[in-house]
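Chain and residue survey
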Amino acid sequence: MLKNYFKTAFRNLWKSKTYGFLNISGLAIGIACAGLIFLWAEDEMTFDNVNVKKDRLYAMRVNAKFGGNTYTMGSTPRPMAASLKSDIHGIANTARASDEDVRLLFSFENKSLYASGRYVDSSLFSMFTLTFLEGNARTAFSQLYSLVITEHTAKKFFGEDKNVLGRKLVVDNKQTYVITAVLKDPPANSTLQFEWLAPYEITLLADRARGGNDEFSWGSYGPFTYVELELTSNPDVINRQLKDYIHVKQADQTNQAFLFPMSDWRLFSEFDNGKQTGGGQIKEVRILSSIAWIILLIACINFMNLATANSQKRAKEVGVRKVLGAGKKKLIIQFIGEALLMSMLAAVLSIVIMTLALPAFNILMQKQLSLALGNPLHILTLLIITIICGLVAGSYPSLYLSSFKPALVLKGMKLKAGNTVFIRKGLVVLQFSVSLVFIISTMIVYMQIQHVKHRNLGFDKDNLVELNMQHDVAENFTIIKSDLFRSGVVEYAALSDHSTIYDGNTDNRFRWEGKSENSDIEIAFRNVSPEFISTSGMHISEGRDFGANGGAENSNVIITNSLEKILGKGSAIGKIIQSKRGDNDAVYKNFNVVGVVDDYVYGNIYGSPGPVIFFCGMPQRSNANLVYVRLKPTKDPSEALAKIVTVMKKDNPAYPPEYKFVDDQFNEMYFNEQLTSKVSGIFASLAIVISCLGLFGLAAFTAERRVKEIGIRKVLGASVTSLTSLLSKDFLQLVLVSCLVAFPVAWWIMHNWLQNYEFRIVISWWIFIIAGIMALLIASLTIGFQTIKAALANPVKNLRTE
């Protein structure tokens, strides 16, 4: 019996090649889309799974109150790691790590390369799962200036040479480090990413050399602190002990610490007012996973529509089988089996599609995914998707076909469509409604991105280059600046200790006349050279810029408009701001406001700019390493950069220059939104393609069923135009109904999405009109071929055949 079913299924596929092609290709595209998205989702959901102790590893987080709001930060008090381990029962181990990537210059013989890494405690090796290729955890930090590098870093310096232990690298042309171990590269879906690791004690030694004593202060924040709990420990109990832990250690500190589990680091990293919101990367996972299931649903709807439309051709087969004793149950099994067979063929084709599309998908998602068909989980997932598609797609057609009455079909009587036509039309409306929602969403996301791109940033990002020299260039900057001007390609040049568009240091200890004692407003501050305002292209709204002589401006500051409003009514020019910035951080110093610049966008490009204060003449003290250069607009950028790099190599030969255009940095800041736009556009296109495959098939079957009617109308004088209109209008009406369904749904979805952004567009009515016109045009082109073909057919031949 089973063999007979297979024969019948293959015979029907061969007999109706168009029907088979449309169904299999539609399902294949749907399964391929879902498969790629689920690969990405798996990578996100398994973040940090490489760590054997994942369920027991935590990062310390600290809630700090500023200006009435609670902010959650990863930096912790410097003595916290050691203190936690000795004070709190249930903590098995702790480790410190520098709170951001440290980029250093490493030199070996005649080769110098930059590499990013962290200063960490040796206990990190026993907490995180790190694979040693050379050396071991016990001897990794056997001496102060030890260096543990990754396999990739080892290859950059030593090629394929596997014996690198004991080799020496000079760091920043100053200190020699000894390679004590080589680690396997951390997987891409690991939070802890690095090219090298070195003992955290090195940072403490450097702080002591500067006369600092921060390592014992609970008010001094710096490292990340990682915690490993014992197997029997209850994190809730420990969190209760941590609530006032910092305050107990230092009475003037009110910040509250808590454990943040590794399982939440990637997916649930979003905090608001000191509490987890349940948001983070999990939002993207949920959105894309939903899109995957929607695409699969559209493909299954295609199958249902085409199968029911093709039912007339199989009516007599059903009648004969019923007369010969086949019950409804056996017929349902047969047709479900055929649907599963087609789904399996589609799954095989989807593997081919995924293999071809995966490289481009990896580039789009910035991943390193592989199909890994040898992974049982991947095979099982593909099999489950295939079975689901087969069952869903074949459910309604099998019930419909098995319900035919043999007496009617064998007499050749026309079957009543009943609810079938209504259901089929409803499915077409659903398909195009989803496609329209995709199209509208893509348009709105794109418009939101363009809105941000063209907002007034408060500075000129075009032709502005940031050169990261990694180390202090302030001492030689006068010479560097002169040589840059002599190159003929530079308009302005300046120094800064922080990137223009990113968050920098903030302080809530600034004082001014009229400030409330309870006020703890966080104000960002930048240490810059006198030329920074003009170099960045900021607009001075009041007062003046810094003078050319930075030394004379040491006690002057420039502030932004938002800070001027905080200082009180009237102009801020001439007002005094007190700060513990200067030669002695222990006492307050007066700074005179000489200029006010327009607010500029930094940090959150969608939010309102926060207050900023610019100190002049202090880059030398703050170890400023960022050189900003504004290129002359008439010069070719590539030629200008080549001349700038030449100057930097000449005047600062020990440190190879690294540069970025500020507008490129700006574009990187809304990567997620750009990714959402691209992904939405791609899947909107695929949803339309799949929907149009079904529409194409339905138009073909409609034309085939009405061939006699078309012939008679043509003999009676109907024109090709009128016949085309006759055959098309039903489908176009369905698309119009889809618009009525999709428009409010799309508005609701995108309205809620836009609420995440303070700086956002207003959804205009014309977006929906354009989307509707696009859908009508696409549908018209899809069905146009079949309808025109039917209208041009020879009526005599059709009537004779019929």
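This is a predicted model, so every value here is computed, not measured.

**Details of a nonpolar patch on the surface**
A cluster of nonpolar side chains, contributed by Trp-293, Leu-377, Leu-380, Leu-383, Ile-384, Ile-387, Ile-388, Leu-391 and Val-392, occupies part of the molecular surface with about 750 Å² of accessible area. In terms of residue count, helix H13 (residues 376-402) provides more of the nonpolar patch than any other element does, eight residues in total. Mapped onto the secondary structure, Leu-383 falls in helix H13. On the basis of relative accessible area, Leu-383 is assigned to the partly exposed category, the value being 42%.

**What about the packing of aromatic side chains?**
For any pair of aromatic rings, the description consists of the separation of the ring centres together with the inter-plane angle of the planes. Inspection of the entire model under this criterion finds 23 aromatic pairs. For the ring pair Tyr-119 and Trp-196, a centre distance of 5.3 Å and an interplane angle of 75° mean the geometry is edge-to-face. Here Trp-196 lies in strand S10 (residues 196-199) and Tyr-119 lies in strand S5 (residues 111-120), a separation of 77 residues in the sequence. A relative accessible area of 1% places Trp-196 in the buried class. Ring centres of Phe-128 and Trp-265 lie 6.4 Å apart, and the angle between their planes is 40°; on these two criteria the pair is classed as tilted. With Phe-128 in the loop between helix H4 (124-127) and strand S6 (132-134) and Trp-265 in helix H9 (residues 262-265), this pair connects stretches of sequence that are 137 residues apart. Accessibility classification places Phe-128 together with Trp-265 in one group, the buried group. Seen from the ring of Trp-512, Lys-515 lies directly overhead, with NZ or CZ sitting 4.9 Å from the centre.

**Examining helix H5 (residues 151-158)**
Note: α-helices contain 3.6 residues per turn, so residues at a spacing of three or four share the same orientation. Thr-153, Ala-154, Phe-157 and Phe-158 are the residues of H5 that are buried. End-on, the buried residues of H5 take up no more than an arc of 105°, which puts them together on one face. Contacts from the buried residues of H5 go to strand S4 (102-108), S5, strand S7 (146-150), strand S8 (168-171) and strand S9 (175-183). Positive backbone phi, at 65°, marks Gly-159, one or two positions downstream of H5.

**Looking at the side chain of Thr-150**
Mapped onto the elements of the fold, Thr-150 is located in strand S7. A distance of 2.8 Å separates polar atoms of two side chains, one belonging to Thr-150 and the other to Thr-153. A polar side-chain atom of Thr-150 sits 3.4 Å from a polar atom in the side chain of Asp-185. Among residues more than four places away in sequence, those in contact with Thr-150 are Val-182, Leu-183, Asp-185, Pro-186, Phe-194 and Glu-195.

**Concerning unusual backbone geometry**
Positioned with a positive phi, Asp-48 is a non-glycine residue whose angle comes to about 70°. Mapped onto the fold, Asp-48 is located in the loop between helix H2 (17-45) and strand S1 (57-66). According to the relative accessible area criterion, Asp-48 is buried, its value standing at 2%. In the Ramachandran plot, Glu-109 falls in the positive-phi region, its phi being about 55° despite a non-glycine side chain. Within the fold, Glu-109 resides in the loop between S4 and S5.

**Considering the pairing of strand S21 (residues 556-560)**
Burial analysis of S21 places five of its five residues in the buried class, which makes it a mostly covered element. Of the two faces of S21, the one lined by Asn-556, Ile-558 and Thr-560 and the one lined by Val-557 and Ile-559 are each fully buried. Where S21 lies against strand S23 (residues 589-597), five bridges are found, and the strand directions are parallel. The residue bridging Asn-556 from the neighbouring strand is Asn-592, located in S23. For S21 and strand S24 (residues 612-616), the ladder comprises three bridges, and the chain directions are antiparallel.

**Digging into the pattern of salt bridges**
If you walk through the whole model with that rule in mind, you get 19 salt bridges. The shortest N-O distance in the salt bridge between Lys-650 and Asp-483 comes to 2.9 Å. Taken together, the residues span a long stretch of sequence, with Lys-650 in helix H19 (residues 637-651) and Asp-483 in helix H16 (residues 477-486) at a distance of 167 residues. Since its relative accessible area comes to 11%, Asp-483 is described here as buried. One salt bridge connects Glu-668 with Lys-660, and the closest N-O pair in it is separated by 3.4 Å. On the basis of relative accessible area, Lys-660 is assigned to the partly exposed category, the value being 38%.

**Details of the environment of Glu-134**
Within the element layout of this structure, Glu-134 appears in strand S6. The class of Glu-134 is buried, set by a relative accessible area of 17%. Each C-alpha atom of the pair Glu-134 and Asn-163 lies 8.2 Å from the other, and the pair is 29 residues apart in sequence. Sequence-distant contacts of Glu-134, defined by excluding residues within four places in its chain, comprise Lys-162, Asn-163, Val-164, Leu-165, Ala-181 and Val-182. Of note is the side chain of Glu-134, whose polar atom sits 3.5 Å from the backbone nitrogen of Val-164.

**So, the pairing of S10**
Across four bridges, S5 lies against S10 in parallel orientation. Within S10, the position partnered with Arg-118 by the bridge is Leu-197. Of the strand pairs in this sheet, S7 and S10 are connected by two bridges, and their pairing is antiparallel. Directly across from Ile-149, in S10, lies its bridge partner Trp-196.

**Concerning the confidence of the model for the chain**
Confidence along the chain averages 82 in pLDDT terms, with 81% of residues attaining 70 or more. Confidence, read as mean pLDDT per element, is least for helix H14 (residues 406-410) in the chain (50) and greatest for S10 (96).

**Description of the packing of H16 against H19**
Two quantities define a packed helix pair, namely the angle between the axes and the distance from one axis to the other. It is at 10 Å that the axes of H16 and H19 come closest, and there the two elements cross at 150°. The orientation of H16 relative to H19 falls into the category roughly antiparallel. The two elements H16 and H19 cross, and the hand of that crossing is right-handed. Between H16 and H19, the contacting residues are Ile-479, Ile-480, Asp-483 and Leu-484 on the first element and Ile-644, Val-647, Met-648, Lys-650 and Asp-651 on the second. Looking at side-chain class alone, the contact of H16 with H19 contains six nonpolar, no polar and three charged residues.

**Some remarks on the state of the cysteines**
Think of a disulfide as a covalent bridge from one cysteine sulfur atom to another cysteine sulfur atom. If you walk through the whole model with that rule in mind, you get zero disulfides. A disulfide-free cysteine, Cys-389 has its sulfur positioned 4.1 Å from the sulfur of Cys-300, the nearest such atom. Since its relative accessible area comes to 1%, Cys-389 is described here as buried.

Conventions adopted
- Residues numbered from 1 in each chain as written.
- Predicted model: local features only at pLDDT ≥ 70, side-chain atom pairs only at ≥ 80, totals over all residues.
- Heavy atoms only, no water.
- Patch = residues over 30% accessible without salt bridge, like charges linked within 9 Å, V, L, I, M, F, W, Y side chains within 5 Å.
- Areas by Shrake-Rupley, 256 points an atom, 1.4 Å probe, with all protein chains shown as cover.
- Salt bridge = Lys/Arg side-chain N within 4 Å of Asp/Glu carboxyl O.
- Helix = DSSP H or I, 4+ residues; strand = E, 2+ residues; numbered from the N terminus.
- Buried < 20%, exposed > 50% of the residue type's maximum accessible area, 1.4 Å probe, protein only.
- Phe/Tyr/Trp six-rings, centres within 6.5 Å; stacked < 30°, edge-to-face > 60°.
- Lys NZ or Arg CZ within 6 Å of the ring centre and 35° of its normal.
- Arc of directions from axis to C-beta.
- Contact = heavy atoms within 4.5 Å.
- Polar contact = N/O pair within 3.5 Å; in protein donor to acceptor, adjacent residues only side chain to side chain.
- Pairing = 2+ DSSP bridges.
- pLDDT = per-residue confidence, 0-100.
- Axes fitted to C-alpha atoms, helices over the stretch in contact; angles between N-to-C directions.
- Parallel < 35°, antiparallel > 145°, perpendicular 65-115°, else oblique.
- Left-handed = near helix turned anticlockwise from the far one by under 90°.
- Nonpolar A, V, L, I, M, F, W, Y, C, P; charged D, E, K, R; others polar.
- Disulfide = S-S within 2.5 Å.

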